[in-house]
Amino acid sequence: MSTQLRGARPQAAIDVEGAGARVVLSGDWTLSVLNPRCVDIRRQLEAASGAPAWDLAGVSRLDSFGALLLWRAWGRRRPPQLVLPEALESVFGRLADLGDASLPVEPPYRFLDATAHLGRLLLGLVRHLGHFVVLVGQLLLDLLYLLRNREHWPVREMSANFYKVGVKAMPVTALVGFLIGVVMSYLSALQLRAFGADTFIVNILGLGIIRELGPVLVSVLVAGRSGSAMTAQLGVMRVTEEIDALTTMGVSRYVRLVLPKVVALTLAMPLLTLWGSSVAIFGGMVSAYVQLDMSFDYFLNALPRAVPVANLVIGLVKGAVFGLLIALVACHFGLRVKPNTESLSANTTASVVTSITVVILVDAVFAIVTRTIGLPYR
Amino acid sequence: MNAARNTLPVELKGLSTRFGSTWVHRNIDLAVPVGEVVALVGGSGTGKTTLLRQMVGLLRPAEGEVRLFGEPLFAGSRAEQLARRRRFGMLFQQGALFSALNVFANVAFPLREFGVSDEAMLRDLVLLKLAMVELGPEVALRMPAELSGGMIKRVALARALALEPELLLLDEPTAGLDPDRSAGFVRLIRALQKALGLTVVLVTHDLDTLAALATRVAVLSEGRILAFGPLDEIMTVQDPFIERFFHSERSQAALARGRSEI
Ligand SMILES: Nc1ncnc2c1ncn2[C@@H]1O[C@H](COP(=O)(O)OP(=O)(O)OP(=O)(O)O)[C@@H](O)[C@H]1O
Ligand SMILES: [Mg+2]
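Residues numbered from 1 in each chain as written. Chains lettered and ligands numbered in written order. Predicted model: local features only at pLDDT ≥ 70, side-chain atom pairs only at ≥ 80, totals over all residues. Heavy atoms only, no water.

A few words now on the interface of chain A and chain B. Contacts between chain A and chain B engage 36 residues on the former and 40 residues on the latter. A combined buried area of about 3,300 Å² lies between chain A and chain B, and 65% of that area is made up of carbon and sulfur atoms. Among the residues of chain A in contact with chain B, R61, R94 and L103 of chain A are the three that bury the most area, contributing 19% of the side total. Linking chain A to chain B there are three salt bridges. For the side of chain A that touches chain B, the secondary-structure elements that each account for two or more residues are α1 (2–8), α2 (31–34), β3 (53–62), α4 (64–73), α5 (89–98) and α14 (341–369) of chain A. Each residue belonging to the side of chain A that touches chain B can be placed in one class, and the counts come to 17 nonpolar, nine polar and ten charged. (Contact = heavy atoms within 4.5 Å. Buried area = accessible area lost by both parts, 1.4 Å probe. Salt bridge = Lys/Arg side-chain N within 4 Å of Asp/Glu carboxyl O. Helix = DSSP H or I, 4+ residues; strand = E, 2+ residues; numbered from the N terminus. Nonpolar A, V, L, I, M, F, W, Y, C, P; charged D, E, K, R; others polar.)

In this structure, D293 of chain A takes a positive phi of about 65° despite not being glycine. Here D293 of chain A shows up in the loop between α11 (253–292) and α12 (296–306). For E222 of chain B, which is not glycine, the phi dihedral falls at a positive 50°. In this structure, E222 of chain B sits in the loop between β9 (216–221) and β10 (224–229). The class of E222 of chain B is exposed, set by a relative accessible area of 70%. (Buried < 20%, exposed > 50% of the residue type's maximum accessible area, 1.4 Å probe, protein only.)

For the rest of this paragraph, the subject is the packing of α5 of chain A against helix α5 (residues 119–132) of chain B. Running from N to C, α5 of chain A and α5 of chain B cross one another at 105°; their axes reach a closest spacing of 10 Å. Accordingly, the angle class assigned to the pair α5 of chain A and α5 of chain B is roughly perpendicular. On the side of α5 of chain A, the interface is formed by R94, L95 and L98 of chain A, while α5 of chain B contributes D124, L127, L128, A131 and M132 of chain B. Classifying every residue of the contact of α5 of chain A with α5 of chain B by side-chain character gives six nonpolar, no polar and two charged. (Axes fitted to C-alpha atoms, helices over the stretch in contact; angles between N-to-C directions. Parallel < 35°, antiparallel > 145°, perpendicular 65-115°, else oblique.)

A few words on the packing of helix α13 (residues 309–335) of chain A against α14 of chain A. All names here are of chain A. Closest axis-to-axis distance for the α13/α14 pair is 9 Å, and the angle between their directions is 150°. One way to sum up the angle between α13 and α14 is to call them roughly antiparallel. Crossing of α13 against α14: the hand is right-handed. Between α13, through V317, K318, V321, F322, L325, I326, V329, A330 and F333, and α14, the contact on the second element is made entirely by N347, A350, S351, T354, S355, V358, V359, V362, D363 and F366. Residue composition of the contact of α13 with α14, by class: 13 nonpolar, four polar and two charged. (Left-handed = near helix turned anticlockwise from the far one by under 90°.)

Residues and elements named next belong to chain B. The environment of ligand 1 is made up of F19, V24, S44, G45, T46, G47, K48, T49, T50, Q93, E172 and H205. T49 places a side-chain nitrogen or oxygen 2.6 Å from an oxygen atom of ligand 1. With respect to ligand 1, the side chain of T50 contributes an N or O atom lying 2.5 Å from an oxygen atom. Computed on the free molecule, ligand 1 has an accessible area of 630 Å², of which 56% lies beneath the protein chains in the complex. In terms of residue count, the dominant contributor to the shell around ligand 1 is helix α2 (residues 48–55) (three residues). In terms of residue class, the shell around ligand 1 is built from two nonpolar, eight polar and two charged. (Near = heavy atom within 4 Å. Polar contact = N/O pair within 3.5 Å; in protein donor to acceptor, adjacent residues only side chain to side chain. Areas by Shrake-Rupley, 256 points an atom, 1.4 Å probe, with all protein chains shown as cover.)

Our focus in this paragraph is the sheet that holds strand β5 (residues 71–72) of chain B. Residue and element names in this part refer to chain B. Ordered by their spatial adjacency, four strands build an open sheet running β2-β1-β4-β5, and the pairing between neighbours is antiparallel. Since the sheet does not close on itself, it has two edges, and those belong to β2 (22–32) and β5, each with one partner. Here strand β4 (residues 63–68) runs beside β5; their pairing, made up of two bridges, is antiparallel. Within β5, the residue paired with R67 across the bridge is P72. (Pairing = 2+ DSSP bridges.)

What follows concerns the confidence of the model for chain B. All names here are of chain B. For chain B, the mean per-residue pLDDT works out to 86, and 97% of the residues sit at or above 70. Confidence, expressed as mean pLDDT per element, reaches its minimum in chain B at helix α1 (residues 3–6) with 52 and its maximum at strand β8 (residues 199–203) with 92. Quick note on the complex model: pTM equals 0.80, ipTM equals 0.77. (pLDDT = per-residue confidence, 0-100.)

This is the structure:
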């Protein structure tokens, strides 16, 4: 169809008359006709470019692409004798007005720029930290304000966020937790049976999951699921100027947007951790039953003896701290989004990567600080 | 001339649109002839933007049919559809610039997609398009977020013009432009029309522009086309909406201003 249509239009043609003294153009000089034959046309124009007389009376249509081709062949000025239909005047008028305008040039990259680039990276890091401190400080100030003005608590937003990051995350947490529990139990059971130490499966699963794996696993899931969503939401609100609209109405972005997310995730994470760890242990229990023939009764009775309750407390505290960090990091990056899609995607990625890294770093700190607490065999 | 030139660039046949349970359009018939500037007017929320979106296939009608250049928009192979799509350009109400690309790359985007690969040619073309909408080369490297509302409109128009379309669909092209720039827009469209026989469908509330540009006016009201014809004919139609839209004192003044520009 398209070729038919193109075929139906008169093709651009160049006829040179009088031994190169006069050039007669005809047909359609438009982008869709010219672009496929651009090289050919340009060569013909080049060959004819010295001619003093040009006749464009036979041109049926001429758009700015065609005009530009001619203009360049003419050396950016009108040839001495030009026959130009009145309707085509404006195109060449615009080209003449354009002169030889060029894009603003960017200075070339020098060695010194590399140093400057490095310096800017470092300063950027410092600015990140500064911004983060401002975020935390502002949140604390807003909390103080809210403690004195009870009616300003964003309770609805908190509950909505709690539902989004907590309740809605339960199925995926359960699925992943269950599978991890099964796998861990299966692998440990293989080893333990070799030593005849079957009953230690309760210790391994209990300690490992409740103290360590549960909180970290749930944090990674939540960072990917809710952290990215928070960053993206705040980012889009930046892009669409919704945050500016809020500010104009005198609504603090920290109180209305950041605080509910932070509070909701800090409260939801311990509960999610509890849920995730429970399901993981259940998975381990099922696997132990299948592999080692260990009854549920025995497992559940042995669990409190093998795992001091301090471990549960550590697990839940870790959950709360990780939740707080994930939400803070997510909001930090969300509020840094610049109004374009590239920045949105970069910040969302940075948010998830940073929060997972921070969670694992802080987990290591926890491991060192709590090394004397809740471990039965030392 | 040949048959291809005489087919209607836009033809709506019995088109109805529904969002949920509300009907926005009911049985709309509209035929836009080649080389005409059709102004689509109507109250806010009467479905003008929706109608433009139907024309370019962003929205499928609940009933009826849209034909562009004599064929259904989605007819034919992928290549044919693409060729058809390259024959029209659209200016969105909010500009819809690619926020991750600078002004230059935004305007160059359709050209690069089309296969213009000569960088020097591309640069001149983009600068020319920007000059057409009265923007200088100094804005070319700015990002869309660094532009004013009116500038966004003009860059978006330059992008819509990039592929030299035969049909232009413009959603409120002069909203956000100062009167001087609006006059410049009118001059630009008129010049393009003279040189290329461009067909334009524009949504506008700006009576100056309407009176200066439109060869026909389609009035959209209560989900149907109330009247379609030259402005003078429309003005004689007896209808409360037309009465309010065209015959108030302010409208008369604006129309007179627009007419004097011709
Ligand atoms: N995606 C959508 N879902 C539901 N309703 C919609 C949707 N898009 C538009 N509408 C409704 O369709 C109607 C027409 O909208 P449209 O944007 O076409 O109006 P318009 O004539 O362009 O108005 P304006 O002059 O204010 O731009 C409105 O009542 C709007 O609420
Ligand atoms: Mg609209």
